[in-house]
Amino acid sequence: MKEMKTSKVIVGIIGAILILILSQVTAQLLSSLFVMIHIPVFICNIAAGILYVLFAYYLLKQFAEKALKLTLSELGIPRFKIEVKWILVCSVVYK
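Residues numbered from 1 in each chain as written. Predicted model: local features only at pLDDT ≥ 70, side-chain atom pairs only at ≥ 80, totals over all residues. Heavy atoms only, no water.

Student: Any details on the environment of Ile13? Residues and values, ideally.
Tutor: Here Ile13 shows up in helix α1 (residues 6-36). When the C-alpha positions of Ile13 and Leu70 are compared, they lie 14 Å apart, and in sequence the two are 57 residues distant. (Helix = DSSP H or I, 4+ residues; strand = E, 2+ residues; numbered from the N terminus.)

Student: A description of unusual backbone geometry should follow, citing residues and the corresponding values.
Tutor: Residue His38 is not a glycine yet carries a positive backbone phi of 65 degrees. Along the chain, His38 falls in the loop between α1 and α2 (41-66). Although it is not a glycine, Lys69 adopts a positive phi angle of roughly 60 degrees. With respect to the element layout, Lys69 can be found in the loop between α2 and α3 (84-93). Given a relative accessible area of 60%, Lys69 falls into the exposed group. (Buried < 20%, exposed > 50% of the residue type's maximum accessible area, 1.4 Å probe, protein only.)

That's the geometry; what it means functionally is another story.
In structure tokens form, the structure reads like this:
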């Protein structure tokens, strides 16, 4: 495991929080546009959740590589994948 300077850790923490806020706001704004064109609200909420995950993952990956000069695996963030069991759980819970 790489050791990081305190300043790099602080920049990473603040950057990650800002990225999560930006991802949330962007996802909500885009899903609000869906509501304006009369798409059902429950679909807009699902879209907002998916958009949030996609924006957050992409922006955090770019931030880690460009600003921190680290890979996501070095930061303890695994490769993105969706397992079939979670899709089944989701389908059972929302029936």
